[in-house]
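Here is what each chain is made of, one letter per residue.
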Amino acid sequence: MTSSPSAASSPGRPGPASPRTTPPPGAATPELAEGGAVVALASLAGFEGCFGCGTDAENGLRIRHGGVVDGVMTCEFTVRKEHQGAPGFCHGGVLATAMDEALGGAAWLLGNRYVTGRLETDYLAPVPVGADVHLRAWCTGVDGRKAFVEGEARTGGPDGPVAVRAAGVFIEVPQEHFVPQGS
Ligand SMILES: CCCCCCCCCCCC(=O)SCCNC(=O)CCNC(=O)[C@H](O)C(C)(C)COP(=O)(O)OP(=O)(O)OC[C@H]1O[C@@H](n2cnc3c(N)ncnc32)[C@H](O)[C@@H]1OP(=O)(O)O
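Described below are features of the structure shown in this document.

What counts as what
Residues numbered from 1 in each chain as written. Predicted model: local features only at pLDDT ≥ 70, side-chain atom pairs only at ≥ 80, totals over all residues. Heavy atoms only, no water. Salt bridge = Lys/Arg side-chain N within 4 Å of Asp/Glu carboxyl O. Helix = DSSP H or I, 4+ residues; strand = E, 2+ residues; numbered from the N terminus. Buried < 20%, exposed > 50% of the residue type's maximum accessible area, 1.4 Å probe, protein only. Pairing = 2+ DSSP bridges. Axes fitted to C-alpha atoms, helices over the stretch in contact; angles between N-to-C directions. Contact = heavy atoms within 4.5 Å. Phe/Tyr/Trp six-rings, centres within 6.5 Å; stacked < 30°, edge-to-face > 60°.

1. With respect to the pattern of salt bridges
Alright, step 1. Under the criterion given, the structure shown has six salt bridges.
Alright, step 2. Of the charged contacts, one joins glutamate 76 and arginine 64 as a salt bridge, the two residues approaching to 3.2 Å between their closest N and O atoms. With a gap of 12 residues between them, glutamate 76 in strand β4 (residues 72–78) and arginine 64 in strand β3 (residues 64–69) connect regions that are remote in the sequence.
Alright, step 3. Accessibility expressed as a relative area gives 37% for arginine 64, which makes it partly exposed.
Alright, step 4. In this structure, the salt-bridge partner of arginine 118 is glutamate 120, at a minimum N-O distance of 2.8 Å.
Alright, step 5. What makes glutamate 120 buried here is its relative accessible area of 13%.

Right under this line is the structure:
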């Protein structure tokens, strides 16, 4: 078991975005599962239809999951022209989707299955077409079925300027929540 970082020590984010995405007093310190998200992902039987990361999702973001360091999970994707909102720049909804994927992945590292209950996003800088977007996410607390998660997206490299910050609440669900699976 590994503890994830606290909100106060999380890179690039001074604190939770709102009271609704802040772990309540008495929330448990997140304990990552041995083997990480693989434990929970096994129950999805290799499903590759996810719009965020699925290799079968032709029009999806094709987010590439990376490693986990000190409780922080990383992933990235490349902004394509079909992701545009304003000319030349990534649509905010696409970036919210990417944050949803990253924060969801951080929740799944707890070893259970989670769906998004609430997602808050702060947009700090425009993200141009062609940019590689580097995402990081970490869990800040667990209260019953609720996992509180924060994250950020950077451009210009993994340590480049922060373009998006996000915070969310993910709710643990049983495997049956996903049956039947779409494809
Ligand atoms: C490495 C690769 C990894 C890869 C990992 C893959 C990452 C996937 C990322 C994508 C994730 C998605 O997009 S998921 C898709 C988008 N989300 C959804 O479809 C969820 C739709 N909503 C639902 O299905 C439902 O409302 C549920 C399951 C969230 C909750 O329903 P329920 O099971 O009946 O539970 P319920 O009693 O209502 O709530 C349980 C507890 O959660 C709280 N709760 C419920 N909803 C919310 C909410 N919106 N915001 C805050 N808290 C909430 C309640 O107050 C309660 O707290 P308390 O009273 O116990 O304190």
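2. Overview of the sheet that holds strand β6 (residues 132–143)
Across a sheet, paired strands are connected by hydrogen bonds in the backbone, their directions being either parallel or antiparallel.
Alright, step 1. If you walk across this open sheet you meet the six strands as β3-β4-β6-β7-β8-β5, and the pairing is antiparallel. Here the strands that pair on one side only, and so sit at the sheet edges, are β3 and β5 (113–123). Sheet twist, expressed as the mean angle between neighbouring strand axes with direction ignored, is 25°.
Alright, step 2. Strands in contact with helix α2 (residues 92–108) are β3, β4, β5, β6, β7 (146–154) and β8 (162–173); relative to β5, the strand with the most contacts, it is inclined by about 135°.

3. Overview of the pairing of β7
For a regular strand, side-chain orientation follows a simple rule: the groups alternate between the two sheet faces.
Alright, step 1. Within β7, eight of the nine residues are buried, leaving the element largely enclosed by the surrounding structure.
Alright, step 2. By the bridge criterion, nine bridges tie β6 to β7 in an arrangement that is antiparallel. Bridging across to β7, valine 142 finds its partner in alanine 147.
Alright, step 3. Once β6 ends, the chain turns through two residues before running back antiparallel as β7, passing glycine 144 with a positive phi of about 60°.

4. Things to note about the packing of aromatic side chains
Alright, step 1. Taken as a whole and assessed by the stated rule, the structure comprises one aromatic pair.
Alright, step 2. The interplanar angle of 45° and the centroid separation of 6.1 Å between the aromatic rings of tryptophan 108 and phenylalanine 178 together place this pair among those described as tilted. Of this pair, tryptophan 108 sits in helix α2 while phenylalanine 178 sits in the segment after β8; the two residues are 70 residues apart in sequence, bridging distant segments of the chain.
Alright, step 3. Judged by its relative accessible area of 10%, tryptophan 108 falls in the buried class.
Alright, step 4. Here phenylalanine 178 falls in the partly exposed class, since its relative accessible area comes to 22%.

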